Amino acid sequence: MHLEFKYADLLDDTAFKLVFGQEATKNVMIEFLNQVITDKRIVDVEFADKEIHPNLRDKKTSIYDLLCKTDDGSRIIVELQKRKQDSYAERMLYYSMHQILNQVETGKSSFDFCPIYVISIMDFTIEQNTGNSNLKTVYRLLEENTHALLTDRLTYIFIELPKLRKKADELDGDVFEGMCFCLKNMPFLNNRPKALTHSVFDTIFQISELLEMDEETRGIILENMTTERDLKNQFDYARKEGHALGIEEGRAEGRAEGRAEGRAEGRLEGQNETRLENAKNFKSLGVSVEIICQATGLPTEVVENL
């Protein structure tokens, strides 16, 4: 059987859980967590129910990509996110609050709860880290002037994969960097990079190989990967088209104000057939109205009515 991809995209939910989120391969998750979390040593993890119902009536349910409980009782939420979302950091805060609510028993005087870590693996960068080139950033509750820690029980870790720019032959054997490289680049690899010598990569590459998967799992992952590739191509084309249209309209108006007005007028009138077609394609793939508007420049009401 010939496949376009040799390895699964580890940013695909199904593939990620296959490699990181099952009992048979939890050594991969334990190693990953020990690379990411530096204030404790994790010996064992238990995969918990990912759907958390809050104790407060009429509040949103949280469904995590992965939820782990460690041997010392800590809760670790792991989230994958491919595209930017509004209020993303606030969403991570919301997830941690659910874990607090579900640990603190109603009617008890104690507000004691086990440490909570929220780890977000992102294929984009966040505004809060503008100017910060670090692949991993860690946020905690600190006093503004003295930086004294208010509590050590809430930790938010953001891993921004676009900040890892090394190629396979530039890796130096660092395990954390190597795991992030796999998360970012797995579908583009034909072989395991030589620098990835740690035993954890034996499991990662073995489980990720598409030909070694059962037919049903392979079919699901391949369909997701193909859809993701096509969606990315359409996004790239839409951005390129939108940029070209902006230049053309700007020339027609002859000044910056005219360029902005021309783009706005074109959006409101819905005259650009290409942008409308791109928006229809995005919508058929289940992309949110907000993201479609960002990619095509069309107003919300136009996209909603497609």
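Preceding this section is the structure that the text describes.
Engineer: Pulling in residues and values, what's your account of the pattern of salt bridges?
Structural biologist: Applying the stated rule across the entire model yields 14 salt bridges. The partner of D44 in a salt bridge is K26, and the shortest N-O contact between them spans 2.8 Å. Here D44, found in the loop between α2 (26-36) and β1 (45-47), pairs with K26, found in helix α2; they are 18 residues apart in sequence, far enough to count as distant. Among the residues examined, K26 registers a relative accessible area of 17% and is labelled buried. Taking the shortest distance from any N to any O, the salt bridge between R192 and D202 comes out at 2.6 Å. With a gap of 10 residues between them, R192 in the loop between α4 (175-185) and α5 (200-208) and D202 in helix α5 connect regions that are remote in the sequence.

Engineer: Provide a residue-level description of the sheet that holds strand β5 (residues 75-81), including the pertinent values.
Structural biologist: Ordered in space as β1-β4-β5-β6-β8-β7, the 6 strands form an open sheet in which the pairing is mixed. Both edges of this open sheet fall to β1 and β7 (136-139), since each of them pairs with a single strand only. Neighbouring strand axes in the sheet, compared pairwise and without regard to direction, differ in orientation by 20° on average. Of the strand pairs in this sheet, β7 and strand β8 (residues 154-160) are connected by 4 bridges, and their pairing is antiparallel. Residue pairing for β8: K136 is matched across the bridge by I159.

Engineer: Can you explain the side chain of Q81? Please cite residues and give values.
Structural biologist: Tracing the sequence through the fold places Q81 in strand β5. Classification of Q81 by relative accessible area gives buried; the value is 13%.

Engineer: Talk me through the nonpolar core; I want residue IDs and the actual numbers.
Structural biologist: Formed by 43 residues in total, the largest nonpolar core has its most connected members in F20, F32, I119, I121, I159 and I204. Elements represented by at least two residues in this core include exactly α1 (13-20), α2, β4 (66-70), β5, β6 (116-122), β8, α4 and α5. The leading source of residues in this core is α4, at 7 residues. Among the nonpolar cores identified, the runner-up in size contains 18 residues, and L67, Y88, M92 and F158 belong to it.

Engineer: I'd like to hear about α2, residue by residue, with values.
Structural biologist: With 9 of 11 residues buried, α2 lies mostly within the body of the structure. Looking only at α2, the buried set comprises K26, V28, M29, I30, E31, F32, L33, N34 and V36.

About the cut-offs
- Residue positions are counted from 1 within each chain, in the order its sequence is given.
- Only residues with pLDDT of 70 or above have their local features reported here, since the model is predicted, and side-chain atom pairs are shown and tallied only from 80 upward, although totals for entire chains, interfaces and linings are computed over all residues.
- Hydrogens and waters are ignored; side-chain quantities use all the structure's heavy atoms.
- By definition, a salt bridge exists where a carboxyl oxygen of Asp or Glu is found within 4 Å of a side-chain nitrogen of Lys or Arg.
- Segments assigned H or I by DSSP are reported as helices when at least four residues long, segments assigned E as strands when at least two residues long, and all are numbered from the N terminus.
- Exposure categories follow from relative accessible area, calculated using a 1.4 Å probe and restricted to protein chains: below 20% of the type maximum is buried, above 50% is exposed, and the middle band is partly exposed.
- Pairing between two strands requires that DSSP report at least two bridges joining them.
- Whenever a helix is involved, its axis is fitted only over the stretch in contact; in every case the axis is a line through C-alpha atoms, and angles between N-to-C directions fall within 0 to 180 degrees.
- Residues belong to a common nonpolar core when they are buried Ala, Val, Leu, Ile, Met, Phe, Trp, Tyr or Cys residues joined through side-chain atoms within 4.5 Å.

Interpretation in functional terms is not warranted from these geometric data alone.
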